[in-house]
Amino acid sequence: MNPSELRSTLALAGIFGLRMLGLFLLLPVFSVYARGLPGGEHALWVGLTLGIFNIVQACLYIPLGRLSDRIGRKPVVFWGLSLFVAGALICAARDDLIWIAIGRGVMGAGAISAAISAWVADLTREQVRTRAMALVGGSIALSFALSLVIAAPIYRMIGMGGIFIILAILGVLAMGVTYFVLPNNKPELKAAQASLKEVFLRPELMRLNAGVFVLHATQVAMFLVVPRLLVQAGLPLSSHWEIYLPVVLLSFCLMAPVLIMGEKKQKLRNVLLIAIILLFIAECAFTQAGSVMAIAVGLLIYFVGFNLLEALQPSLVSRFAKESKGTALGVYNTTQSIGLFSGAVIGGWLMDSHGQLSVFVMGAVLLLCWLIIAWSMQDLPAKVVDARAAKA
């Protein structure tokens with residue numbers, strides 16, 4: 001990437017990572033905190049409070065993505081960040097499960113992930129776009145790792161309200177980056193947008209949308225259980241970062257060569273299938289994991305696959321979408337949010353009714369279904385894209 005592409009991609013990756021930090025920072029501590037609140041003894045209600053952020057986003061990704069195609073990315077992103085800040089302040093103001101759910105809903109109303117991903121695609125050349133999306137995907141994984149390191153210490157020092165205040169401050173900083181650092185992006189009026197129906201029913205995009213639903217449903221459900229498994233294995237909550245941080249960092253080192261080689265050899269379909277298989281292996285491993293080391297190995301396998309998919313899938317969506325990147329990524333992020341919400345709710349219900357290990361069984365079944373869908377792809381996306389680029 002040239003300096004302009006790198007600067008813009010890093011700025012957008014930072015904003016995207018902040019959005020995901022709004023979700024991830026609660027995962028390690030919220031179930032413990034919620035036990036002291038009315039209704040907090042029910043895992044289903046806790047899952048609903050976590051998941052409301054995502055279901056609200058799911059309702060707004062497509063309209064905001066299409067709006068960003070028409071009026072430009074910057075105003076949509078700036079408005080979304082202002083809602084993120086307002087929602088965080090609502091959560092900080094009340095020590096009540098219902099008000100936290102309301103605040104999380106307001107935070108989710110700033111559904112800008114589609115606009116950010118489309119902005120990355122706008123500002124990068126096609127031949128470096130997968131690497132740019134890898135940086136954005138990396139910001140998601142790093143925000144997750146950071147949340148696991150800092151959540152427990154921050155919670156002990158300043159409580160849940162303090163966590164939300166920090167998120168509001170970071171949101172204001174992100175608004176500054178959006179306004180002063182990122183270039184204005186005007187919509188290309190010459191390019192006719194595809195209809196929402198056409199974008200939604202495009203076979204390549206349907207496969208990717210199904211995949212991101214499964215990816216994030218299994219992720220949030222899994223992390224309703226993994227912290228409890230680590231505690232049961234003898235590792236206190238305050239020490240969980242000692243497992244999460246090295247696992248996430250090592251997973252980046254392992255996934256980067258695979259992604260680079262897959263792009264060079266035009267074997268992105270194979271990379272996609274390998275990543276899904278790794279997630280399936282990890283879910284199966286968790287059903288048998290009884291020690292901290294076994295859980296750590298399962299997490300390492302999981303994050304290698306997760307990071308590969310977070311980098312690969314949005315890049316492919318932007319390529320297939322052509323002139324309607326904001327719309328296509330809006331649909332993609334909508335299914336992602338529905339997956340996060342579904343994983344939180346169904347995972348909480350399974351824990352209540354069938355026990356912790358049932359969550360991993362559900363994850364393995366969903367991943368197996370995704371593997372079957374992905375395996376049936378007739379065309380290799382990278383070859384199609386490269387062929388078109390060569391003709392141009």
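This text follows the structure it describes.
Scope of this entry: the structure provided in the associated data block. (Residues numbered from 1 in each chain as written. Predicted model: local features only at pLDDT ≥ 70, side-chain atom pairs only at ≥ 80, totals over all residues. Heavy atoms only, no water.)

1. A few points about the overall build of the protein chain
Here is step 1: Along its length, the protein chain carries 15 helices and zero strands.
Here is step 2: For 392 residues, the compact-globule formula gives about 21 Å, and the C-alpha radius of gyration of the protein chain, at 20 Å, lands near that figure.
Here is step 3: A principal-axis box enclosing the C-alpha atoms of the protein chain has dimensions of 60 × 40 × 35 Å.
Here is step 4: When the 392 residues of the protein chain are sorted by exposure, 56% land in the buried category.
Here is step 5: Pairs at least 24 apart in sequence give 86% of the contacts found in the protein chain among residues at least 6 apart.
Here is step 6: Entry remark: accessible area of the protein chain is about 15,500 Å², with carbon and sulfur atoms responsible for 69%.
Here is step 7: For the protein chain, the separation between the mean place of its 29 positive charges and that of its 18 negative charges on side chains is 6 Å. (Helix = DSSP H or I, 4+ residues; strand = E, 2+ residues; numbered from the N terminus. Rg over C-alpha atoms; globule rule 2.2 N^0.38 Å. Buried < 20%, exposed > 50% of the residue type's maximum accessible area, 1.4 Å probe, protein only. Contact = heavy atoms within 4.5 Å. Areas by Shrake-Rupley, 256 points an atom, 1.4 Å probe, with all protein chains shown as cover. Lys, Arg positive; Asp, Glu negative; His and termini not counted. Charge placed at Lys NZ, Arg CZ, Asp CG, Glu CD.)

2. Thoughts on empty space enclosed by the protein
Here is step 1: Scanning the entire structure with this criterion turns up one cavity of 30 Å³ or more.
Here is step 2: In this structure, the largest cavity occupies an estimated 80 Å³ of space.
Here is step 3: F16, S117, M133, V136, G137, I140, V212, E310, P314, Y332, N333 and Q336 are the residues that line the largest cavity.
Here is step 4: Contributing elements (two or more residues each) for the lining of the largest cavity: α7 (129–180), α12 (292–321) and α13 (325–354).
Here is step 5: Sorting elements by how many residues they give to the lining of the largest cavity places α7 first, with four residues.
Here is step 6: Class assignment for the residues of the lining of the largest cavity results in seven nonpolar, four polar and one charged. (1 Å grid on protein atoms, 1.4 Å probe; cavity = no way out; pocket = protein on both sides within 12 Å on 5 of 7 lines; lining within 4 Å. Points joined across faces, edges and corners; volume = space filled by probe spheres on them. Nonpolar A, V, L, I, M, F, W, Y, C, P; charged D, E, K, R; others polar.)

3. Some details on the packing of aromatic side chains
Here is step 1: A complete count under the given rule lists nine aromatic pairs for this structure.
Here is step 2: Here Y302 and F303 contribute two aromatic rings whose centre-to-centre distance is 5.4 Å and whose plane-to-plane angle is 85 degrees, an arrangement assigned as edge-to-face. The same class applies to Y302 and to F303, which are both buried.
Here is step 3: Judged by centre distance (5.8 Å) and plane angle (20 degrees), the rings of Y302 and F306 are stacked. Of the two residues, Y302 and F306 are both situated in helix α12; the distance of four residues between them amounts to about one turn of the helix.
Here is step 4: Judged by its relative accessible area of 1%, F306 is buried. (Phe/Tyr/Trp six-rings, centres within 6.5 Å; stacked < 30°, edge-to-face > 60°.)

4. Observations concerning the environment of M261
Here is step 1: Tracing the backbone through its elements, the reader meets M261 in helix α10 (residues 241–264).
Here is step 2: Given the relative accessible area of 45%, M261 is considered partly exposed.
Here is step 3: In sequence terms M261 and I169 are 92 residues apart; their C-alpha atoms lie 39 Å from each other.

5. Structural notes on the packing of α12 against α13
Here is step 1: Contact pair α12 / α13: the axes reach a minimum separation of 8 Å and the direction vectors enclose 145 degrees. When you trace α12 past α13, the crossing you get is right-handed. Facing E310, Q313, P314, V317, S318 and A321 of α12, the residues of α13 in contact are K325, A328, L329, Y332 and Q336. (Axes fitted to C-alpha atoms, helices over the stretch in contact; angles between N-to-C directions. Left-handed = near helix turned anticlockwise from the far one by under 90°.)

6. Description of the side chain of S358
Here is step 1: In this fold, S358 is placed in helix α14 (residues 357–375).
Here is step 2: For S358, a relative accessible area of 15% corresponds to the buried category.

7. What about the layout of surface pockets?
Here is step 1: Quantified by volume, the second largest pocket comes out at close to 490 Å³.
Here is step 2: If you trace the second largest pocket, you find 26 residues lining it, with A13, L135, G138, S139 and L142 closest to the centre.
Here is step 3: Elements with a contribution of two residues or more to the lining of the second largest pocket: α1 (3–24), α7, α10 and α12.
Here is step 4: Among the elements that line the lining of the second largest pocket, the one with the most residues is α7, at 12 residues.
Here is step 5: Partitioning the lining of the second largest pocket into residue classes produces 18 nonpolar, seven polar and one charged.

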